[in-house]
Every structure is written in C-alpha cells, then in structure tokens.
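Listed below are the residues making up each chain.
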Amino acid sequence: MSEKNKGAIEGGNHAALWSGRFKEGPDGAAVEFETSIYVDERMAQDDIKGSIAHATMLGEAGIIPKEESLQITGELQRIGEDLLSGKLKIDYSAEDIHSFIEGVLTDRLGEAGKKVHTGRSRNDQIALDERLYLRHAIPDLQRRIKTVVSVLVSIADKHKESLLSGYTHMQRAQPVSLAHHLCAWAWMLQRDWQRLEDALGRINKCPLGAGALAGSTLPLNREMVAESLGFEGVTDNSLDTVADRDYCIEFTAAFSLIMAHLSRFCEEIIIWSTEEFKFITLSEKWSTGSSIMPQKKNPDFAELIRGRTGKVYGNLIALLTMVKGLPLSYNRDMQEDKESLFDAYDTVYSCLEVFTHMIGTAQWNEAKMASSCVGGHSNATDVADYLVRKGMPFRTAHGVAAGAVRIAIEKNCNLEDLDITDFQRCSPLIEKDIFEYITPDGCMKNRKTTGGPAPEEVAKQIASLQDWINQ
Ligand code: ARG
C-alpha cells in the first residue's frame, strides 16, 4: 500500500465499476497501469457537483424515486464537505475519481447509491468534469494574467520618460521608453487572457446525457442538467461529445502562447541583468547564487520560466498526438489528456506568479537604459524624417542620412556629434535645428503616432490597459 493509501478510510476495495462480465479480477500491474485517480482527483468537487445535478434531474424526470434522488444529492453534498475537511480521504486503489465517489456513495447509502449512474457513462461524466474544472481553473489563471499586467502597467506609468533603445535583430534601432516597451508585453498578455476567454465560451455546453456515445433510452432531461450547472445549453452530438478533446488542446495552446511570451520576456530580463547591459537589477529574493563563485547573482527564475516553456509545448504536442489517430468515439487514449492539460496549467500558473514577483521587485537602471540610445546611430531615421519634412522623397532622404552615418562612423562619433558642416555636405536642406530633432529624447517624444512611444501616446495605452484590468 502506498503512503497515499494509508489515509483511506472509506470507499476502498471496491470491484471496478465494470467488473460484472469478468470472471477474474484484473492483474495488479494492470490496475496500476490504467488507474487515473492520482491525476483526476483534483476534479473531485466538480465530479460531485455534476453528479448532484444529474441525480436531481433523475428524480425530477421520474427516472428514480424523488426520495432517493434527495438521499443521493444530500449524501454527495456530505462527501464533498468531508473531502474538503479531510474527514474523508481519497482511496487511491479506486480506478478513478468517478469510481471512488460512486463507491463511497454506495457504501453510505446502499441501494440508492447504486442509482446515481443511471443513464450516464464515465465518458460523458469525464467530459463534464473537465469542463466544470476548467470553468473555475481558467478564471483563476486569468486573474494571474491581470496581476502581471497590472504590475507592468504600474512600472510603465512611472517610466513614460525613461529612455530605452528599441531593438530589431538585437541591434539598436530607434529610441523608445521603458513604458512603451513594457506595454508591448502587457498587450501580448492581454491577448492571452482573451484567448482563454474565447476558449471558455466554447466549453459552455453541457455534455451530460451523451452517455457512453449514443445518448440514452431513458427520458433524461439534458437541458435541465445544463441549466442547473450554468451552461448555456447542451452539446449537439453525442458522438462528438465523448470523442473530442479539442478544448484541452485549445487551452494548452493558449497556455503555450502565454509561456512563449513569458519566455521571451525572461530572455530579455536575463540579457538585461548582465554586466554588459545592466538595465535591470533583480531583487535578492528572486535571484540565486553559485556554490563555487562567491560573487554570483543569477537570474535563475527567469531561466526556469524559459526552461519550463518547453514542457508546456511538449504537453501541447502530446495532446495533439493523442487525438491524431483516434476513430470515433471514446478511446482510452483520451484519459491521458488530463496529465498534459493539468501539468501545462500548473506550470503556467506558477510561472505567472513567479514572474509577477520577479518583475515587481526588480529595479530599473534609468541611466544605463538611456545610454543605450546613445551610439549606434539609432537617430538616423530621424535625420531622414527631418528631410522628408523639408520635401525630400524618403528614399533619397534615406541615402542622405546613410551618408551622414558613414561620416560619423569614419569620425568615430555619434550622429548628433557631427558638425553642421558635415550634415550640410550631405544635404544643404539640413540646418542647425537638426540637432534638437535628433536627441534621443526628441526621437522618442516626436513619435506621436497612435501606439508609438511618445509619453502622451503611452499614457493612452496605460489608461486603456488599466480600464481592461478593472473590467
Ligand atoms: N478515466 C477515464 C478518462 O479520463 C474516464 C472515462 C473512462 N471510460 C471508459 N470507457 N473506460 O478518460
């Protein structure tokens, strides 16, 4: 008996729900191989909730006597409470969470307990449990996304004027601000939130009543169950209902994108906390040291998030591969969905929390960030734009500005340090006012296009992100 089994006080030693047609019990190793209770136990309360709705309907529809329906629902309620209080412990010798709960119910109620599974199969039951679980687990995750975004927005709000080089190809490109940069990540995470919301909309139909695959000969009232569980309706086809796991895939794909975003951001944090960049200093609480090199302070949490991203992608691939060769309808392969889905969920959930702490406690080195806008000629586009304002075609202006860059490279200085005579050699249209036009601050602040880095534009983004957070 495993450590976990020792606490079992009820529901143990039941024959499998399906044992009737077998002369022999299964081999011990077979049982161990097929059990899923270690994975599906987290849906215990959802399973109970679904069974209560089902048993209530059975009573209302006259399929079982009302008194027995009441007995069942009352006892299921108690089982739920006993599990929460610890009075009842999961028996890990049960095949799955459905068998365990039905077993405890039958132990406690006798004959009435045996009626809870009337007109139901574990195939539609598991499809229901997963939906019920996701309906509360996903909003929990969405709250975590909003927390990260609100931390990013509050840092951004303080750094609308803090210069930072924008990069393409990891080469200095054009000056932006830290606020602008952080808002970029915030919008990505906001879309991740929306993706989860969309996917939630698609699981809002109740699968119960699909039975094993072909519905039921009993007069089940599916609509009543759906309504009592807060679904917008019932699923449309019983085969489809028990045969697909598209929702597990869809959520895990959404988790994968969250991880992609966190992982990319972590990569930046890792680079930014190097001696070479030093844009950011992570707090000691969210860094680690080295067992040999006394001086080290490492961004391990960012690296772990980046590392765990692969695990989430792996879960997505596992799910896609699980369904790719499955004929209709239910196949036992599908039991494997939960391990991937839950592991991906747990990983994203903890990464979002760790990321929030790590970023929220970091310090931003404004001087270092601003220095990234000096050198690298990231104001060259602004020289070209200056000429465009004076009527020069952009392609010509691009060439003129490139000429100025060449002179700066030869003189080993920045564009803004060239003499006016150097500029005028490139084009007589250039006058002294060029210098105020191409300061890093000017480059950032003049980019007033919607969504651009100018502080007043970023302030609008911050306000709309804030509105979304408060929704
Ligand atoms: N543990 C099973 C699963 O997750 C429940 C459904 C079992 N159905 C069956 N026909 N064996 O898929």
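Residues numbered from 1 in each chain as written. Predicted model: local features only at pLDDT ≥ 70, side-chain atom pairs only at ≥ 80, totals over all residues. Heavy atoms only, no water.

Put simply, the rule is: UniProt positions are given in the numbering used here, feature names are shortened, and annotations may be inferred rather than shown by experiment.
An unreviewed UniProt entry annotates the chain as Argininosuccinate lyase of Candidatus Treponema excrementipullorum. Of the comments in the UniProt record for the chain, the one headed Pathway (unreviewed entry) reads "Amino-acid biosynthesis; L-arginine biosynthesis; L-arginine from L-ornithine and carbamoyl phosphate: step 3/3." In its Subcellular location (unreviewed entry) section, the UniProt entry covering the chain states "Cytoplasm".

1. A closer look at the overall build of the chain
The line we're drawing: Each helix corresponds to a stretch of at least 4 residues labelled H or I by DSSP, and each strand to a stretch of at least 2 residues labelled E; elements are numbered beginning at the N terminus. With C-alpha atoms as the basis for the radius of gyration, the globule rule is written as 2.2 Å multiplied by the number of residues raised to the power 0.38. Any pair of residues with heavy atoms lying within 4.5 Å of one another is described as a contacting pair. We get accessible surface area from the Shrake-Rupley algorithm with a probe of 1.4 Å; when it comes to residues, only the shown protein chains can shield them. His residues and chain termini do not enter the charge count, which takes Lys and Arg as positive and Asp and Glu as negative. Positions of charges follow a simple convention, taking NZ of Lys, CZ of Arg, CG of Asp or CD of Glu.
Within the chain one finds 19 helices and six strands. What you see for the chain is a C-alpha radius of gyration of 30 Å, clearly larger than the 23 Å of a compact globule of 471 residues, by over 25%. Intrachain contacts of the chain at a sequence separation of at least 6 include 76% that bridge at least 24 residues. Taken as a whole, the chain presents about 22,300 Å² of accessible surface, with 53% of it coming from carbon and sulfur. With 52 positive and 68 negative side-chain charges, the chain shows a spacing of 4 Å between the two charge centroids.

2. Notes on helix H3 (residues 44-60)
The periodicity of an α-helix, 3.6 residues per turn, causes residues three or four positions apart to be oriented the same way. Selection rule: Residue count minus one, scaled by 1.5 Å, sets the expected span of a helix. A 1.4 Å probe rolled over the protein chains alone gives each residue an accessible area, and that area as a share of the maximum for its type sets the label: buried under 20%, exposed over 50%, partly exposed in between.
Between its first and last C-alpha atoms H3 spans 24 Å; for 17 residues at 1.5 Å apiece the expected length is 24 Å, and the two agree. Counting buried positions along H3 gives 13 out of 17 residues, so the element sits mostly inside the fold. Residue glycine 62 follows H3 closely and has a positive phi angle near 75°.

3. As for the site of the ligand
The criterion, for reference: Here a residue is near a molecule or strand as soon as one of its heavy atoms is found within 4 Å of it. Between N or O atoms, a polar contact is any pair within 3.5 Å; within protein, one atom must be a potential hydrogen donor and the other a potential acceptor, and residues adjacent in sequence are included only when both atoms are from side chains. Three classes are used: nonpolar for Ala, Val, Leu, Ile, Met, Phe, Trp, Tyr, Cys and Pro, charged for Asp, Glu, Lys and Arg, and polar for all others, with Gly counted as polar.
The immediate surroundings of the ligand are formed by Ser36, Asp96, His98, Arg122, Asn123, Ile126, Tyr330, Arg332, Gln335 and Lys338. Residue lysine 338 places a side-chain N or O atom 2.5 Å away from an oxygen atom belonging to the ligand. When isolated, the ligand has an accessible area of 340 Å², and the protein chains bury 87% of it. Per-element tally for the shell around the ligand: the top contributor is helix H6 (residues 122-158), with three residues. Residue classes in the shell around the ligand are distributed as two nonpolar, four polar and four charged.

4. Notes on the UniProt feature "domain: Fumarate lyase N-terminal" (unreviewed entry) in the chain
UniProt feature "domain: Fumarate lyase N-terminal" (unreviewed entry): in the numbering of this structure it lies at residues 20-314. A distance of 39 Å separates the end C-alpha atoms of residues 20-314, which is 60% helix and 6% strand.

5. Concerning helix H11 (residues 300-324)
With 25 residues, H11 ought to run about 36 Å at 1.5 Å a step, and its terminal C-alpha atoms sit 37 Å apart, in line with that. Its buried side turned inward, H11 meets helix H10 (246-272) and helix H12 (337-360).

6. Looking at the side chain of serine 162
Within the secondary structure, serine 162 is located in the loop between H6 and strand E1 (163-168). At a separation of 2.7 Å, a polar atom in the side chain of serine 162 contacts the side chain of histidine 159.

7. Some points on the environment of aspartate 192
Relative to the helices and strands, aspartate 192 is located in helix H7 (residues 178-202). Take aspartate 192: its relative accessible area is 0%, and that puts it in the buried class. Residues aspartate 192 and glutamine 142, spaced 50 residues apart in sequence, show a C-alpha to C-alpha distance of 8.7 Å. Reaching out from aspartate 192, the side chain makes a polar contact with the side chain of arginine 195 at a distance of 3.0 Å.

8. What to know about the environment of isoleucine 407
Here isoleucine 407 shows up in helix H15 (residues 394-411). On the basis of relative accessible area, isoleucine 407 is assigned to the buried category, the value being 10%. With 15 residues separating them along the chain, isoleucine 407 and aspartate 422 place their C-alpha atoms 7.5 Å apart. Residues in contact with isoleucine 407, not counting those within four places in the same chain, are Leu418, Asp422, Arg425 and Cys426.

9. Examining the state of the cysteines
Put simply, the rule is: Note that a disulfide, as used here, is simply two cysteine sulfur atoms within 2.5 Å.
Using the criterion set out here, one finds zero disulfides in the structure. For the unlinked cysteine cysteine 413, the closest cysteine sulfur is that of cysteine 426, found at 11 Å. With a relative accessible area of 19%, cysteine 413 lands in the buried category.

10. Thoughts on the packing of aromatic side chains
Rule in force here: Geometry of aromatic contacts follows a simple scheme: Phe, Tyr and Trp rings, the Trp one being its six-membered ring, pair when their centres are within 6.5 Å, and the pair is stacked under 30 degrees between planes, edge-to-face over 60, tilted otherwise. In this scheme, the term charge over a ring applies when either NZ of a lysine or CZ of an arginine sits within 6 Å of the ring centre and within 35 degrees of the ring normal.
Counted according to the given criterion, the structure contains 15 aromatic pairs. Taking the centre distance of 4.7 Å and the plane angle of 15° together, the rings of tyrosine 38 and tyrosine 92 count as stacked. Of the two residues, tyrosine 38 sits in helix H2 (residues 37-40) while tyrosine 92 sits in the loop between helix H4 (66-85) and helix H5 (97-109), which places them 54 residues apart along the sequence. Judged by centre distance (5.9 Å) and plane angle (65°), the rings of phenylalanine 255 and tyrosine 345 are edge-to-face. Taken together, the residues span a long stretch of sequence, with phenylalanine 255 in helix H10 and tyrosine 345 in helix H12 at a distance of 90 residues. Of the two residues examined, phenylalanine 255 and tyrosine 345, each falls in the buried class. By the ring-pair criterion, three or more aromatic residues cluster together here, those being Tyr133, Phe255, Phe342, Tyr345 and Tyr349. The aromatic ring of phenylalanine 22 is capped on one face by arginine 21, whose charged end is 5.4 Å from the ring centroid. When the ring centre of tyrosine 349 is taken as origin, the NZ or CZ atom of arginine 144, which lies over that ring, is 3.6 Å away.

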